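Secondary and tertiary structure notes
What follows is each chain in one-letter form.
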Amino acid sequence: MHMFDVAAIKQQFPIFDHHPDLVYLDNAATTQKPRAVLDAERFYYEHHNANVHRGAHRLAVAATDAFEGARATVARFINAATSDEIIFTRGTTEAINLIANTFGESLLAGDEIIVSTLEHHANIVPWQMLAQRTGVIVRQLNITPDGEIDMEHLHELLQSSRARLLAISHASNAIGSIQDIQSICDLSHQKQCKVLVDGAQAIAHLPVDVQALGCDFYVFSGHKAYGPTGIGVAYIEQSLLRDLPPWQGGGEMIDVVSFAGTTYAAAPQRLEAGTPAIAQAVGLGAALDWLATLDRSALLQHETQLHHQLKQGLESIEGIKIHGHAKNTVSLSSMTFAGAHPYDVAQFLDNKGIAVRVGHHCAQPLILTMGIQGTLRASLAIYNTQHDVALLLSTLAETLDLL
Ligand code: PMP
């Protein structure tokens, strides 16, 4: 037995004080926030609030220290070589748009970007928009029926001498499959193809070491890792970062501005125009510091055990079809029902205080490939209990009997 005290963890999340019976299984959409994060944001506003990087007074120094401290925390958490490799963004979506608008703009018409079928729209649409602007070509990477990357197809696509970037999720938000990023990076780099990893669904669950993974870009959102909304991260490996042009212009990102011509600051400031989301960055730093105090392997074991309970239970209920059968997954299950629409089932669950998500999960190409219209997704997190999973299972069985 592992020593993970889920009751003690759950007590740290005030949402459950206000909704004591809530069974929150929509964690892949966003996680709840621990008191450590809420307190850190409040403390920042009450004690340090000022603008960063340019003030000549003590609060400005304190705010800058807090903001840059959060950057250092993120760097430590994902083992970046330096804090400068951490660019703050609004979230995963903005991080990928940043990379498309900087690294992407350096590609030539006819260069190829390989995008897996599993991807969230945030890791598809920016590449399509880039293709329209510049003539780069988006190549779709197939998946296996189990929902894993088709490695043979990846080998094939990498034979092209024009393959410049592979955009791939660490874990799928729709079916949970975890990709072997290290092997994928090795393979891609043999062909001089860079790799962008969408870590939105991995960061709260898996240990992430960007240097061990060997990726060139790693992006994620704070709000899916117990942090605030409005803040996310683009990790950009330093040799690439040096040459990236700015993408948004304004304050903070310049060196000297004149009408004769403007010069730019070094990264990360060059890629962070305007006043940043300071309090949110501080909140993200607090979330990652809080996560780092926990036994991450016990946490993963807790989630894996709950997911095992969930999968076994789902298999024993007649009329449920589970989608995605990858060997390695994060702790979520996506399902459809023989005689009921996922939306109707979700309504019954909501009546019992069980929160899940239904729909295409912003992964329409994947849902289409699976030949369905959408799924009901139950996604687990650190504060979920065996009772949560048992209640979901019994309510699903009752609901399917009724419908
Ligand atoms: N990629 C994946 C895999 C996701 O799960 C999500 C959020 N559902 C995103 C990208 C987009 O994240 P955000 O909306 O926070 O920018």
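Now for a quick tour of the structure. Not measured: the values here are computed from a predicted model.

The environment of the ligand is formed by T92, T93, H120, A122, N173, D198, A200, Q201, S221, H223 and K224. Backbone polar atom of T92 to an oxygen atom of the ligand: 3.4 Å apart, as the coordinates give it. Here a nitrogen atom of the ligand sits 2.5 Å away from a polar atom, N or O, in the side chain of D198. In the complex, 85% of the free accessible area of the ligand, which totals 400 Å², lies under the protein chains. A molecule is said to occupy a pocket when more than half its atoms come within 2 Å of that pocket's grid points, and by this definition the ligand occupies the second largest pocket. Broken down by class, the residue content of the shell around the ligand amounts to two nonpolar, seven polar and two charged.

Each pocket or cavity is described by its volume, and for the largest pocket that value is around 610 Å³. Taken together, 30 residues form the lining of the largest pocket, with I178, Q179, D180, N328 and T329 sitting closest to its centre. With six residues, the single largest contributor to the lining of the largest pocket is helix α12 (residues 296-315). In the lining of the largest pocket, the residues fall into 13 nonpolar, eleven polar and six charged. Domain assignment of the residues forming the lining of the largest pocket places at least three in each of domain 1 (6-30 + 295-402) and domain 2 (38-292).

This brings us to the packing of helix α13 (residues 342-351) against helix α15 (residues 386-402). α15 packs onto α13 with a crossing angle of 125° between their chain directions and a minimal axis gap of 10 Å. Of the possible angle classes, the one that applies to α13 and α15 is oblique. By crossing handedness, the relation of α13 to α15 is classed as right-handed. Each of V345, F348 and L349 in α13 lies in contact with α15, whose residues at this interface are L392, T395, L396, T399, L400 and L402. For the contact of α13 with α15, a count of residues per class yields seven nonpolar, two polar and no charged.

Strands sit in the order β9-β10-β13-β12 across an open sheet of four strands; the sheet is antiparallel. Among the strands making up the open sheet, the edge pair consists of β9 (320-323) and β12 (357-359). Adjacent strand axes in the sheet meet at a mean angle of 30° when their direction is disregarded. In the sheet, β9 pairs with strand β10 (residues 332-337) via four bridges, with the strands oriented antiparallel. The residue bridging I320 from the neighbouring strand is F337, located in β10.

On any regular strand, side chains alternate: one points to one face of the sheet, the next to the other face. With five bridges connecting them, strand β3 (residues 112-116) and strand β4 (residues 137-141) associate as parallel partners. Bridging from a neighbouring strand, E112 pairs with I137 of β4. Once you follow β3 into helix α6 (residues 125-134) and on to β4, the crossover reads as right-handed.

Rules used throughout
- Residues numbered from 1 in each chain as written.
- Predicted model: local features only at pLDDT ≥ 70, side-chain atom pairs only at ≥ 80, totals over all residues.
- Heavy atoms only, no water.
- Near = heavy atom within 4 Å.
- Polar contact = N/O pair within 3.5 Å; in protein donor to acceptor, adjacent residues only side chain to side chain.
- Areas by Shrake-Rupley, 256 points an atom, 1.4 Å probe, with all protein chains shown as cover.
- 1 Å grid on protein atoms, 1.4 Å probe; cavity = no way out; pocket = protein on both sides within 12 Å on 5 of 7 lines; lining within 4 Å.
- Sits in = over half its atoms within 2 Å of the grid points.
- Nonpolar A, V, L, I, M, F, W, Y, C, P; charged D, E, K, R; others polar.
- Points joined across faces, edges and corners; volume = space filled by probe spheres on them.
- Helix = DSSP H or I, 4+ residues; strand = E, 2+ residues; numbered from the N terminus.
- Domains from an automatic or database assignment.
- Axes fitted to C-alpha atoms, helices over the stretch in contact; angles between N-to-C directions.
- Parallel < 35°, antiparallel > 145°, perpendicular 65-115°, else oblique.
- Left-handed = near helix turned anticlockwise from the far one by under 90°.
- Contact = heavy atoms within 4.5 Å.
- Pairing = 2+ DSSP bridges.
- Right-handed = clockwise from strand over helix to strand, strands pointing away.

By themselves, these are just geometric observations and shouldn't be taken as functional.
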